[in-house]
Amino acid sequence: MKIELSPYDAASTYLGQKQFDCGHAIINQFARGSLKQQVKKGLSVAYVLTDADDQDRFVGFYTIAQHMIDMSLLSAMQLGSLPKQIPCTRLIMLGVDQKYAHQDLGSQLMKHALSLTKQISNQIGSYGLYLDADPKALGFYKKLGFTLLQGDKTPHNSPMFLQSGRII
Ligand SMILES: CC(C)(COP(=O)(O)OP(=O)(O)OC[C@H]1O[C@@H](n2cnc3c(N)ncnc32)[C@H](O)[C@@H]1OP(=O)(O)O)[C@@H](O)C(=O)NCCC(=O)NCCS
């Protein structure tokens, strides 16, 4: 197994993308049906993991875009005085196929997204990386340094944030 991370190419056909199964119905549906169009329209950028030892099979992906959040969302972080609207980067979708789970690949995608956020924050301004976490993935994001913004809203998604200045 030789896994490679690269920008998603909407003009390419990836083996296994239509059968992608990360165990999360909405994310599966997005990867199989909407990902290509989202990227083609410039609504987000995606990065993919492919398996070079299996015809560049589609193994995992994430999508990312610029975003704006209300400063009240960050009140739990006690960051002092901030403008009402906060420019940030948003991780929209993330998934790793179950056949490849627990091999650090999700973490690899997240580290790439964090590094990108850091670069963006240096170039055009981004206060940090924002995401809506699936309840089952809260521990996964906490391990990466994310703060839960409004408590665990299980069974609903919970907003989480990691400041650009805290990304190593
Ligand atoms: C969350 C996800 C991307 C993790 O991918 P992965 O490649 O297995 O992640 P890693 O191997 O880097 O890390 C896994 C660790 O994260 C933690 N974790 C927390 N929630 C998890 C979950 N739902 N699934 C897998 N691991 C989870 C565990 O500590 C796990 O450690 P372990 O392997 O020792 O059990 C993947 O499980 C997935 O696609 N889940 C469904 C879609 C999803 O929930 N996406 C996030 C939406 S906000």
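Provided above is the structure to which this section pertains.
Here's a quick rundown of the structure. (Residues numbered from 1 in each chain as written. Predicted model: local features only at pLDDT ≥ 70, side-chain atom pairs only at ≥ 80, totals over all residues. Heavy atoms only, no water.)

The ligand sits among 21 residues. The nearest are H102, D104, G106, S107 and K136. The contact in question runs from an oxygen atom of the ligand to an N or O atom on the side chain of H102, over 2.6 Å. Taking K143, its side chain carries an N or O atom lying 3.1 Å from an oxygen atom of the ligand. Burial of the ligand by the surrounding chains reaches 75%, relative to a free accessible area of 860 Å². Of all the secondary-structure elements, those providing two or more residues to the shell around the ligand are β4 (85-96), α2 (105-123), β5 (128-133) and α3 (138-143). Among the residues making up the shell around the ligand, the classes are represented as 10 nonpolar, six polar and five charged. (Near = heavy atom within 4 Å. Polar contact = N/O pair within 3.5 Å; in protein donor to acceptor, adjacent residues only side chain to side chain. Areas by Shrake-Rupley, 256 points an atom, 1.4 Å probe, with all protein chains shown as cover. Helix = DSSP H or I, 4+ residues; strand = E, 2+ residues; numbered from the N terminus. Nonpolar A, V, L, I, M, F, W, Y, C, P; charged D, E, K, R; others polar.)

Moving on to the environment of A76. Looking at the element boundaries, A76 is found in the loop between β3 (57-70) and β4. Here A76 falls in the partly exposed class, since its relative accessible area comes to 47%. Separated by 46 residues in sequence, A76 and N122 have C-alpha atoms that sit 25 Å apart. (Buried < 20%, exposed > 50% of the residue type's maximum accessible area, 1.4 Å probe, protein only.)

In this section: the sheet that holds strand β2 (residues 45-51). Across the sheet, which stays open at both edges, the seven strands sit in the order β1-β2-β3-β4-β5-β7-β6 with mixed pairing between neighbours. Each of the sheet's edge strands pairs with one partner strand only, and the pair in question is β1 (3-7) and β6 (147-148). Where β3 and β4 come together, 11 bridges link them in antiparallel fashion. The residue bridging F61 from the neighbouring strand is G95, located in β4. Its contacts with the sheet place helix α1 (residues 25-40) against β2, β3 and β4, and it is angled at close to 75° to β3. (Pairing = 2+ DSSP bridges. Contact = heavy atoms within 4.5 Å. Axes fitted to C-alpha atoms, helices over the stretch in contact; angles between N-to-C directions.)

All right, on to the packing of aromatic side chains then. This model, assessed by the stated rule, comprises 10 aromatic pairs. Look at F30 and F61: their rings are 6.1 Å apart centre to centre, the planes differ by 15°, and that puts the pair in the stacked class. In this pair, F30 is assigned in helix α1 and F61 in strand β3, connecting sequence segments 31 residues apart. A relative accessible area of 0% means that F61 is categorised as buried. (Phe/Tyr/Trp six-rings, centres within 6.5 Å; stacked < 30°, edge-to-face > 60°.)

Quick look at the side chain of T50 now. Turning to its location among the elements, T50 is positioned in strand β2. With a relative accessible area of 6%, T50 lands in the buried category. What T50 contacts, discounting residues up to four positions off in sequence, is K2, I3, E4, Y14, D56, R57 and V59.

Here the focus is unusual backbone geometry. Going from T154 to P155, the amide bond is cis rather than trans, its omega being 10°. Inspection of the secondary structure puts P155 in the loop between β6 and β7 (158-163). With a phi angle near 55°, Q55 is a residue other than glycine that sits in the positive phi range. Looking at where Q55 falls in the secondary structure, it is placed in the loop between β2 and β3.

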